[in-house]
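Overview (structure and organization)
So you can see what is in the structure, the chains are spelled out below.
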Amino acid sequence: MGNTSSMLTQYDTEEVQSHCQDLCENFPPRNLSVSSVMCLIRYSQQEILSLYQRFCQLDRNAKGFISSDEFLSVPEFSMNPLSLRLLKMVDGLNFKDFVAFLSAFSAKASLKQKVKLIFQVYDSDCNGKVSFKDVMEVLRDLSGSFMSDEQREQVLSQVLNEAAYTCDSFLTLEDFIKVFGSCKPEMDVEIPVD
């Protein structure tokens with residue numbers, strides 16, 4: 001599957017679909033990885049072929065995985081203020097895990113799938129909890145020099161207090177789902193199908 005000159009066979013696409021289905025059925029996993037945290041949507045064979053073509057374009061050296069540098073070659077990815085956090089999640093993805101990662105960006109993905117990805121971005125130490133410090137780091141990445149640390153702390157403290165949390169609280173995935181439950185994060189990416 002990693003060779004850019006090869007095409008996916010019917011067997012290959014069914015294998016990717018099976019991989020995605022296995023991840024859904026065995027959720028929650030014991031060891032958390034990018035692909036196992038995403039309870040996947042079911043891609044059509046044509047969508048998988050399109051994703052494979054994009055994967056091969058990114059895998060410039062035909063190694064069978066995509067490196068950080070290759071991900072950074074995507075302008076939308078490299079310009080994202082959270083790109084360094086995302087790189088920790090995507091560096092070295094093989095094709096199956098690439099499909100799994102992208103499932104959270106599908107219009108077909110559930111709110112819970114999208115929130116799981118957002119939670120992973122905030123939970124940089126992968127301990128299953130998001131601290132005040134974790135949120136401050138994301139705010140720093142997002143706001144850059146437009147806000148001082150003092151301003152960020154004031155805003156975050158106020159938001160946490162309004163949500164009945166303190167600066168010493170740890171937020172879990174369930175907390176994130178509760179917070180995002182009333183809105184739908186806009187993070188859909190359309191897969192072009194020829």
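Quick caveat: nothing in here was measured; it's all calculated off a predicted structure.

A tally of helices and strands in the protein chain yields eleven helices and zero strands. The linear arrangement of helices and strands in the protein chain, starting from the amino end, is α-α-α-α-α-α-α-α-α-α-α. Burial analysis of the protein chain (194 residues in total) assigns 44% to the buried set. In the protein chain, the proportion of contacts linking residues at least 24 apart, taken out of those at least 6 apart, comes to 65%. Accessible surface, the protein chain as shown: approximately 11000 Å² in total, 54% of it carbon and sulfur.

UniProt marks residues 46–81 and 110–145 with the feature "domain: EF-hand" (unreviewed entry), using the numbering shown here. Within residues 46–81, the helical portion is 64% and the strand portion 0%, while the C-alpha atoms at the span's ends are 32 Å from each other. Helix and strand shares over residues 110–145 are 67% and 0% respectively, and the end C-alpha atoms of the span are 34 Å apart.

With six of its eight residues buried, helix α6 (residues 83–90) lies for the most part within the structure. Of all the residues in α6, the buried ones are Ser83, Arg85, Leu86, Leu87, Met89 and Val90. In the stretch just after α6, Gly92 is the one whose phi turns positive, near 85°.

Moving on, we come to the packing of helix α3 (residues 45–58) against helix α7 (residues 95–102). The geometry of α3 relative to α7 is characterised by a closest axis approach of 10 Å and an angle of 115° between their N-to-C directions. With respect to α7, the axis of α3 lies roughly perpendicular. Like other packed secondary-structure pairs, α3 and α7 cross with a definite hand, here right-handed. Residues Ile48, Leu51, Tyr52, Phe55 and Leu58 of α3 pack against Phe95, Phe98, Val99 and Leu102 of α7. In the contact of α3 with α7, the residues fall into nine nonpolar, no polar and no charged.

By the element assignment, Ser131 lies in the loop between α8 (111–122) and α9 (132–143). Classification of Ser131 by relative accessible area gives buried; the value is 15%. Not counting residues within four places of it along the chain, the set of residues in contact with Ser131 comprises Ser169 and Phe170.

Attention now goes to the nonpolar core. Ranked by internal contacts, the top residues of the largest apolar core, which has 43 residues, are Phe71, Val90, Phe95, Phe98 and Phe176. Every element with two or more residues in this core is listed here: α3, α6, α7, α8, α9, α10 (149–162) and α11 (173–180). With residues near it in sequence (within four places) discarded, Phe98 still touches Leu51, Phe55, Leu58, Ile66, Phe71 and Leu93.

Scoring rules and cut-offs
Residues numbered from 1 in each chain as written. Predicted model: local features only at pLDDT ≥ 70, side-chain atom pairs only at ≥ 80, totals over all residues. Heavy atoms only, no water. Helix = DSSP H or I, 4+ residues; strand = E, 2+ residues; numbered from the N terminus. Buried < 20%, exposed > 50% of the residue type's maximum accessible area, 1.4 Å probe, protein only. Contact = heavy atoms within 4.5 Å. Areas by Shrake-Rupley, 256 points an atom, 1.4 Å probe, with all protein chains shown as cover. UniProt positions renumbered as here; feature names shortened; annotations may be inferred. Axes fitted to C-alpha atoms, helices over the stretch in contact; angles between N-to-C directions. Parallel < 35°, antiparallel > 145°, perpendicular 65-115°, else oblique. Left-handed = near helix turned anticlockwise from the far one by under 90°. Nonpolar A, V, L, I, M, F, W, Y, C, P; charged D, E, K, R; others polar. Core = buried A, V, L, I, M, F, W, Y, C linked by side-chain atoms within 4.5 Å.

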